[in-house]
Amino acid sequence: NKIVHICKEVKPDVAALLGCAVPTGAGIIDNEILRFKQKIAVFGIGGIGASAMMRAAALNLVCIAFDAVPWKLVWAKVRLGVRAVNSNHFNHSGVFDLAIECSGNKSAMEMAFECLNNRGTAIIAGNLEPGEKIFVDPFDLVKGKKLRGTWGGECFLDKDIPFYAQEYLKGKFPIGKLITRVYSFDKINDGIKDLEEGNLIRGVVKF
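Rules behind the numbers
- For every chain, the first residue of the written sequence is number 1, and numbering continues from 1 onward in sequence order.
- Two thresholds apply to this predicted model, a pLDDT of at least 70 for residue-level local features and 80 or more for giving and counting side-chain atom pairs, whereas whole-chain, interface and lining totals are computed over all residues.
- Side-chain measures were taken over the full set of non-hydrogen atoms in the model, leaving aside hydrogen atoms and water.
- Every definition here rests on a 1 Å grid over the protein atoms only: cavities are sets of points where a 1.4 Å probe fits but cannot get out, pockets are open sets enclosed by protein on both sides within 12 Å along at least five of seven lines, and lining residues have some atom within 4 Å of a point.
- Grid points are joined across faces, edges and corners, and a volume is the space filled by probe spheres set on the points.
- Here a helix means four or more residues in a row that DSSP labels H or I, a strand means two or more in a row labelled E, and each is numbered from the N terminus.
- Under the grouping applied here, Gly and all other residues not named as nonpolar or charged are polar, the nonpolar ones being Ala, Val, Leu, Ile, Met, Phe, Trp, Tyr, Cys and Pro and the charged ones Asp, Glu, Lys and Arg.
- Any residue under 20% of the maximum accessible area for its type is buried, any over 50% is exposed, and the rest in between are partly exposed; the area is computed with a 1.4 Å probe on protein chains only.
- In this description, the arc belongs to the directions extending from the helix axis to the C-beta atoms.
- Contact definition: two residues touch when any of their heavy atoms are within 4.5 Å.
- Centre distance within 6.5 Å is the pairing criterion for rings of Phe, Tyr and Trp, where only the six-membered ring of Trp is used; planes under 30 degrees apart are then read as stacked, over 60 as edge-to-face, and the remainder as tilted.
- Placement of a charge over a ring requires the Lys NZ or Arg CZ to be within 6 Å of the ring centre, with the centre-to-atom vector within 35 degrees of the ring normal.

Peer 1: When you look at the layout of surface pockets in this model, what are you seeing that I'm missing?
Peer 2: Space left empty within the atom packing is revealed by a probe, the size of a water molecule, rolled over the atoms. There is about 650 Å³ of room inside the largest pocket. As for the largest pocket, its lining consists of 31 residues, and the residues nearest its centre are Gly44, Lys72, Cys102, Ser103 and Gly104. When contributions to the lining of the largest pocket are tallied by element, the ones reaching two or more residues are α3 (47-58), β2 (62-67), α5 (106-114) and α8 (188-196). Classifying every residue of the lining of the largest pocket by side-chain character gives 13 nonpolar, 13 polar and five charged. In this structure, the second largest pocket spans a volume of roughly 370 Å³. Looking at the second largest pocket, it is lined by 16 residues, and the ones nearest its centre are Cys20, Thr24, Thr150, Trp151 and Gly152.

This is how it looks when you write it as structure tokens:
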């Protein structure tokens, strides 16, 4: 029940990206917000965050990326054409309509909530270590801010994966840009290490 049919014109390395990160990140944009000009913050420039930014750009939404890794900030600016800000210099309280947290970092989750205006929503896609907590000011909830989680971007995979594949083929959703390195199968452990150390947006193993 986890097999989805897509057209054969999608190259295997690109098709591999459709399994998790792309539908989660893009799904948050498509399934959890109204399509008007909202100001969006994305915390964490990885597979999910980059997919969200790419989808937001396709829908002409204003999007700013936050990350603490300098090369990822450059990547987001050059490859996606979005504004990117070092999260160590965060000073964007009360600005955004939607904040998407994709890093699994406690501070980033708290910043995602803090950066909202009083009608904004923060959506948490990342995961903390078991038992770790985040802290928010409850009065912000009283003022109208919202805090939510997401499960896979709330995608219906049988419908949404073929949709994103078609958007890719039309040139509207260039998800191949997410691939920062391709590994031969005997180098798969190098790929895992690079992912854990934050050296990738997305790596692909070629069989």
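Peer 1: What exactly am I supposed to notice about helix α4 (residues 70-80) here?
Peer 2: An α-helical segment advances 3.6 residues per turn. Residues three or four places apart therefore align on the same side. If you check which residues of α4 are buried, you get Lys72, Leu73, Trp75, Ala76 and Leu80. Projected down its long axis, α4 carries its buried residues within an arc of 160 degrees, all on one side. Exposed and oriented more than 90 degrees from the buried face of α4 are Pro70 and Val78. Of the surrounding secondary structure, the elements contacted by the buried residues of α4 are α3, β2, β3 (83-86) and β7 (179-184). Just downstream of α4 lies Gly81, where phi reads positive at about 70 degrees.

Peer 1: Honestly, the packing of aromatic side chains in this entry has me stumped. Any pointers?
Peer 2: Centre distance and the angle of the planes are the two values used to describe a pair of aromatic rings. Counting across every chain of the model gives seven aromatic pairs. Taking the centre distance of 4.7 Å and the plane angle of 10 degrees together, the rings of Phe43 and Phe66 count as stacked. Separated by 23 residues along the polypeptide, Phe43 in strand β1 (residues 39-43) and Phe66 in strand β2 bring together distant segments of the chain. Across the pair, Phe66 and Phe43 agree in class, each one buried. Members of the aromatic cluster, joined through ring pairs, are Phe43, Phe66, Phe90 and Phe96. The residue whose ring lies beneath Lys39 is Phe96, and the NZ or CZ to ring-centre distance is 5.5 Å.

Peer 1: What am I meant to see in unusual backbone geometry here?
Peer 2: For residues that are not glycine, phi is negative in most cases, and the peptide bond is trans in most cases. Backbone geometry at Asn60 places phi at a positive 60 degrees, although glycine is not the residue there. The backbone of Glu154 sits at a positive phi, close to 60 degrees, despite the residue not being glycine. For Glu154, the location among the structural elements is in the loop between β6 (146-149) and α7 (157-169).

Peer 1: Can you walk me through the environment of Cys102 in this structure?
Peer 2: Along the chain, the position of Cys102 falls in the loop between β4 (96-101) and α5. The buried category is assigned to Cys102, whose relative accessible area is 15%. Residues Cys102 and Pro162, spaced 60 residues apart in sequence, show a C-alpha to C-alpha distance of 23 Å.

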